[in-house]
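# Descriptive analysis of the structure
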Amino acid sequence: MSPLLLCFEGRAPFAASLARLAGFEEAPVALHRFPDGESLVRLDARLAGRDCIVFCTLRAPDEILFPLLAAAYTARELGARSVGLLAPYLAYMRQDRRFNAGEAVSSRPFAQLISTHFDWLVTVDPHLHRYPRLDALYRLPSTVVSAVPLMADWLRRNVDRPVLVGPDEESLQWVGAVAELAGAPFVVLEKRRHGDADVEIAVPDIERWRDRTPVLVDDILSTGQTLAQTVRGLRAQGLAAPLCLAVHAVFAGDAERRLADAGAARLVTANTIAHATNAIDLTAPVAHALRTHLRRT
Ligand code: R5P
């Protein structure tokens, strides 16, 4: 029997191409929200003896976490042989330390809940900063798919003479790797965050790159403030309008307007979260990672 890809209705436009490419059967997870805010999930497919993959990207994670755990729990109760999680975007990775006294280190309880309910996890470019690897945090077999090779391909095909710019040291792992594969120079700036949408970017003297197209590279584009401030800093030094290349299109609030106002030329993202800026399709490497996990179950 082919593996079953369980998708929350309306949350996974990526699922159809994945099911087609990997030969999985698709089945919906029906989700009803009661007037009091509780939710009810329903799995209509026959699950007995099946290997199940729950597809759930974790943008706005608080809304979907309980339904997600309930779906995994129910799949097992209904006889699934194994239940894995495909979360192309993995939430709560940035709160990886107690920045202020008394704060939750949210990445830990989140990881514990996921690790308890699933047999394995496949995700794309989690924000690993203070944790060296995903399995330093998640207690289940996991595979990290990297968007870097396809970002570098996109860059080679679409941008002439780029210079890559990482807005902060946390972006180094992405900007450095994309630059190496694309054969482009890169520079990493310094960021100070004062609040959710209040960041300061120190831009060194980079006028020597004036004849190149600046491409900002980051893993997550959320409020857009990090990239917007970087765009402003580069424009102030006379560089051309930068292109912004990010893996995860979180786009919280009015991020797009903020970036347009700052003078960004174009926004390009991977399809870990469905968004109009998606131009990098990760279906093939994700399908490959899933097949590897399923062979092991
Ligand atoms: C954190 O360091 C991440 O790599 C991103 O730079 C950050 O999440 C971007 O957030 P925002 O778009 O809200 O500035």
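Everything numeric in this text was worked out from a predicted model, so none of it was measured.

A word on the site of the ligand. The local shell around the ligand holds 15 residues, among which Arg94, Asp218, Asp219, Thr223 and Thr226 are the closest. Take arginine 94: an N or O atom from its side chain is 2.8 Å from an oxygen atom of the ligand. In the model, an oxygen atom of the ligand is placed 3.0 Å from a nitrogen or oxygen of the glutamate 170 side chain. Burial of the ligand by the protein amounts to 95% of the accessible area it has alone, namely 380 Å². When contributions to the shell around the ligand are tallied by element, the ones reaching two or more residues are strand 10 (190–195), strand 12 (213–221) and helix 6 (225–236). Ranked by residue count, the leading element in the shell around the ligand is strand 12, at four residues.

Attention now moves to the domain arrangement of the protein chain. You'll often see interface size given as the accessible area lost when the parts meet. As assigned here, the protein chain comprises domain 1 (4–146 + 282–296) and domain 2 (148–280). Of the residues lining the interface, 17 residues belong to domain 1; the matching set on domain 2 comes to 21 residues. Taken together, both faces of the contact between domain 1 and domain 2 bury some 1600 Å²; the carbon and sulfur share is 57%. Counting across the interface, domain 1 meets domain 2 through zero salt bridges. Its residues placed into classes, the side of domain 1 that touches domain 2 shows nine nonpolar, five polar and three charged.

Our focus in this paragraph is the sheet that holds strand 8 (residues 162–166). Picture the strands of a sheet paired through backbone hydrogen bonds; they go either parallel or antiparallel. Sheet architecture is open: six strands sit in the order 9-8-12-13-14-15, paired in parallel fashion. Looking at which strands have only one partner, the edges of the open sheet turn out to be strand 9 (186–188) and strand 15 (278–280). When the angles between neighbouring strand axes are averaged without regard to direction, this sheet yields 30°. Pairing analysis gives two bridges linking strand 14 (residues 266–270) to strand 15, with the strands arranged parallel.

Let us now look at the packing of helix 6 against helix 7 (residues 255–262). Where helix 6 contacts helix 7, the axes come no closer than 9 Å and their chain directions differ by 5°. Accordingly, the angle class assigned to the pair helix 6 and helix 7 is roughly parallel. In this structure, helix 6 contributes Gln225, Leu227, Ala228, Val231, Arg232 and Arg235 to the contact, and helix 7 contributes Arg258, Leu259, Asp261 and Ala262. Among the residues making up the contact of helix 6 with helix 7, the classes are represented as five nonpolar, one polar and four charged.

Attention now goes to the packing of aromatic side chains. This structure, assessed with the given rule, holds two aromatic pairs. Taking 5.6 Å as the distance between ring centres and 55° as the angle between the ring planes, the aromatic pair formed by phenylalanine 14 and phenylalanine 55 counts as tilted. Of this pair, phenylalanine 14 sits in helix 1 (residues 14–22) while phenylalanine 55 sits in strand 4 (residues 51–55); the two residues are 41 residues apart in sequence, bridging distant segments of the chain. Owing to a relative accessible area of 7%, phenylalanine 14 belongs among the buried residues under this scheme. Centre to centre, the rings of tyrosine 92 and phenylalanine 110 are 5.0 Å apart; their planes meet at 50°, and the pair counts as tilted. Of the two residues, tyrosine 92 is situated in the loop between strand 5 (82–87) and helix 3 (107–117) and phenylalanine 110 in helix 3; the sequence distance between them amounts to 18 residues. For tyrosine 92, a relative accessible area of 31% translates into the label partly exposed.

Once that is clear, we can look at the sheet that holds strand 2 (residues 25–33). Read across the open sheet, the seven strands follow the order 3-2-1-4-5-6-7; overall the sheet is mixed. The sheet is open, and its two borders are formed by strand 3 (39–43) and strand 7 (142–145), each paired with just one other strand. The average angle at which neighbouring strand axes cross in this sheet is 20°, direction not considered. Contacting strand 1 (4–8), strand 2, strand 4 and strand 5, helix 1 crosses the sheet at an angle of about 175° to strand 1. The strands touched by helix 8 (residues 283–296) are strand 4, strand 5, strand 6 (120–124) and strand 7; relative to strand 6, the strand with the most contacts, the crossing angle is about 165°.

Cut-offs used in this document
- Residues numbered from 1 in each chain as written.
- Predicted model: local features only at pLDDT ≥ 70, side-chain atom pairs only at ≥ 80, totals over all residues.
- Heavy atoms only, no water.
- Near = heavy atom within 4 Å.
- Polar contact = N/O pair within 3.5 Å; in protein donor to acceptor, adjacent residues only side chain to side chain.
- Areas by Shrake-Rupley, 256 points an atom, 1.4 Å probe, with all protein chains shown as cover.
- Helix = DSSP H or I, 4+ residues; strand = E, 2+ residues; numbered from the N terminus.
- Domains from an automatic or database assignment.
- Contact = heavy atoms within 4.5 Å.
- Buried area = accessible area lost by both parts, 1.4 Å probe.
- Salt bridge = Lys/Arg side-chain N within 4 Å of Asp/Glu carboxyl O.
- Nonpolar A, V, L, I, M, F, W, Y, C, P; charged D, E, K, R; others polar.
- Pairing = 2+ DSSP bridges.
- Axes fitted to C-alpha atoms, helices over the stretch in contact; angles between N-to-C directions.
- Parallel < 35°, antiparallel > 145°, perpendicular 65-115°, else oblique.
- Phe/Tyr/Trp six-rings, centres within 6.5 Å; stacked < 30°, edge-to-face > 60°.
- Buried < 20%, exposed > 50% of the residue type's maximum accessible area, 1.4 Å probe, protein only.

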